[in-house]
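Okay, here's what each chain looks like letter by letter:
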Amino acid sequence: MLFKELAQYYEKLDAVSSRLTMIEIMTELFKHTKPDEIANVVYITQGVLAPPFEGVEFGMAEKLVEESIAIATGFTKEDVEKEYRKQGDMGKAAQIIKEKSRLKRMSQKEHSVNEVYDAMRKIAGTSGSGSKDVKVKMLANLIAAAEPVDAKYVVKYPLDELRLGVGDSTVLEALSVMATGHRKLKPELENAYNLCSDLGLVAESLAKGGEKAIEHFHVTLFKPIRPALAERLPTAEQIIEKMNGKCAVDQKYDGFRCQIHKDGNKVKIFSRRLEDTTAMYPDLVQAVQKEVKAKSIILDGEALAFNEDTGEFLPFQETIQRKRKHGIAEAAIDTPLKLFAFDVMYLDGENTMGEPYHKRRDTLEKLFKDTETIRPSGQIICTTAKQLSEFFEKTIESGLEGIIAKELNAQYIAGARKFSWVKMKRSYKGELSDTLDLVIVGYYRGRGSRQAFKFGGLLGATYNDKKDVFETISRIGSGFTEAQMVELRKMLEKITTKTKPARVDAVVEPDFWVTPKYVVTVRADEITKSPTHTCARQRQEDGTEAGLALRFPRLVGEEAVRSDKSVEEATTSKEVLEMFKQQKRVTLSSTEA
Ligand code: ATP
């Protein structure tokens, strides 16, 4: 496929406002893509070069891209800058300048999708002294060979400004329709994706090996498995009931989630967002090499700072000191970590995810019986709510944030929030017991004292994973520090859109819409029904429609946005609906008491 053909599909995607049309366009696109280019089409469409665990980034600043456009078109950098200011969009500026340029397309040969992708990977992989000039030239060559419309996308891609809004779920659905004519293959495709976290690989396997390849998809060492997640329930009684009277109860550690892959002496550690974070943990790598007796393994666990002398867990603020790019060795000495292993998904060539949990737990206990740094998570087996409550209280007292109950016969359910794991956290009086992770879909102009910051708050949304859309739940106007307001405005200015993005479902209108890209953590007092928000919207008894909204929402946390969560990992509308029901139940039982 030629890149210019791909650009035509992007033009169509850019113009649509419904997800269904988006799926139709993507299906058409996949039908016209060859098996050896479909992985690259998936990556480009999602604006990435590779899945997150490969850690490849472009490193192209705006100034360099301006230079490339100038070289490719014979205009000056100042002309490009001027057009950019006028358009507010570098891709659009490139397109207009290309139209005006009198330089003929330098190369007669039109680039294929794979040629553009390969060149982009080379650009990303070029480093060291003189690399800037090489990057600029390589990009200039691509722009020179492109038609104006293609140039727009050739420029947007390395600037991370493609923003076509095509989420994982849309890709999976379109792949299913491409292969079978309907959606029936989506669950299997999802499963394959959960096992490798590489959407390009899933698409390629389907295109090359058909449905069979997807049905027999394997776990692969050094390709992270999408993590299992927990549902929530507010009381010990409800947990025991949900677990049919018996379950394991783990301490919930507030540190870094680590998925550890080991084969012989080779070790890699992936974060919750599946980024390769091995370099951050030299001490854990060493411990894995020393303490894990298996030849090959995939482990799930939480790493946190622990004071061996006092036996105390250190708060997250201390553990987070380990998140750094420099001084890693010193930090490893100052704040040593323990790894609390809580699951094992692969052992010596065998996928163990399908085994019942109690069996995987036995394996863990045997593996880490007398080890120093890696230990099995603290756990008891409970058959009564009283036992569970006592363990919960003890856990909180020791400085941890709560418990996670685990169903004894459950498989490891990759990539999903299911009731086989149920978390219960310390509850805050008069507040919802858990925070929500909301997607920013818009923001407001600052008024009054906020005028100086040009920032008056956010429009937050939850993720509806069934419909693959973002539904608004609240305007968030407080909890920001001044620095956070400045930071947020700068980040959001770059991703504003003229109209409501296709995957946002909203009735309210913020001052500015933004592409769903960032997640913020919010605490609130209560969830209430709302005629203006679309989160979990349902028809009411009186025939009107109502969604859910937050009362007194405020931003929490030191970081302005949550860097460890993608928008599809935000709190779902279904979870909010569950929290709303639980809240009603709690209020009822406390008034009854
Ligand atoms: P939170 O914001 O509450 O940390 P989350 O959205 O990151 O939650 P949840 O599904 O709510 O994820 O809770 C599971 C998380 O808890 C895991 O991602 C893991 O990092 C952490 N965790 C800590 N201890 C355990 C444990 N013993 N078993 C499973 N997960 C644990």
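Everything that follows concerns the structure shown earlier in this document.
Residues numbered from 1 in each chain as written. Predicted model: local features only at pLDDT ≥ 70, side-chain atom pairs only at ≥ 80, totals over all residues. Heavy atoms only, no water.

A word on the pairing of strand 3 (residues 256-263)
So, point 1. Most of strand 3 sits inside the fold, with seven of its eight residues counted as buried.
So, point 2. In this structure, strand 3 lies alongside strand 5 (residues 296-307), joined through eight bridges in antiparallel fashion. Its bridge partner being in strand 5, H261 is matched across the sheet by I298.
So, point 3. Note: strand 3 against strand 4 (residues 266-270), five bridges, orientation antiparallel. Looking at strand 4, one finds that Q259 is bridged to F270.
So, point 4. The hairpin formed by strand 3 and strand 4 contains two residues between the paired strands, and G264 there has a positive phi angle of roughly 60 degrees. (Buried < 20%, exposed > 50% of the residue type's maximum accessible area, 1.4 Å probe, protein only. Helix = DSSP H or I, 4+ residues; strand = E, 2+ residues; numbered from the N terminus. Pairing = 2+ DSSP bridges.)

Thoughts on the sheet that holds strand 20 (residues 526-530)
So, point 1. Ordered in space as 20-22-21, the three strands form an open sheet in which the pairing is antiparallel. The open sheet has two free edges, formed respectively by strand 20 and strand 21 (538-539), since each of these has just one partner strand.

A few points about the site of the ligand
So, point 1. Around the ligand, 18 residues are found, and the nearest of them are E302, K406, K423, K425 and K565.
So, point 2. Separating a nitrogen atom of the ligand from a side-chain N or O atom of K406 is a distance of 2.8 Å.
So, point 3. At 2.5 Å, a side-chain N or O of K425 approaches an oxygen atom of the ligand.
So, point 4. In the complex, 93% of the free accessible area of the ligand, which totals 600 Å², lies under the protein chains.
So, point 5. Of all the secondary structure elements, the ones that give two or more residues to the shell around the ligand are strand 1 (229-232), strand 2 (247-252), strand 11 (402-406) and strand 12 (417-425). (Near = heavy atom within 4 Å. Polar contact = N/O pair within 3.5 Å; in protein donor to acceptor, adjacent residues only side chain to side chain. Areas by Shrake-Rupley, 256 points an atom, 1.4 Å probe, with all protein chains shown as cover.)

Some words on the pattern of salt bridges
So, point 1. One pass over the full model with this rule turns up 43 salt bridges.
So, point 2. Among the ionic pairs, E83 bridges to K100, the shortest N-O distance being 3.5 Å. You can see E83 sitting in helix 5 (residues 77-87) and its partner K100 sitting in helix 6 (residues 90-100), a full 17 residues away along the chain.
So, point 3. On the basis of relative accessible area, K100 is assigned to the partly exposed category, the value being 48%.
So, point 4. Its salt-bridge partner being K423, residue D434 comes within 3.4 Å of it at the nearest N-O pair. In this pair, D434 sits in the loop between strand 12 and strand 13 (436-443) while K423 sits in strand 12, placing the two residues 11 residues apart along the sequence. (Salt bridge = Lys/Arg side-chain N within 4 Å of Asp/Glu carboxyl O.)

In short, shape yes, function no, at least from these values alone.
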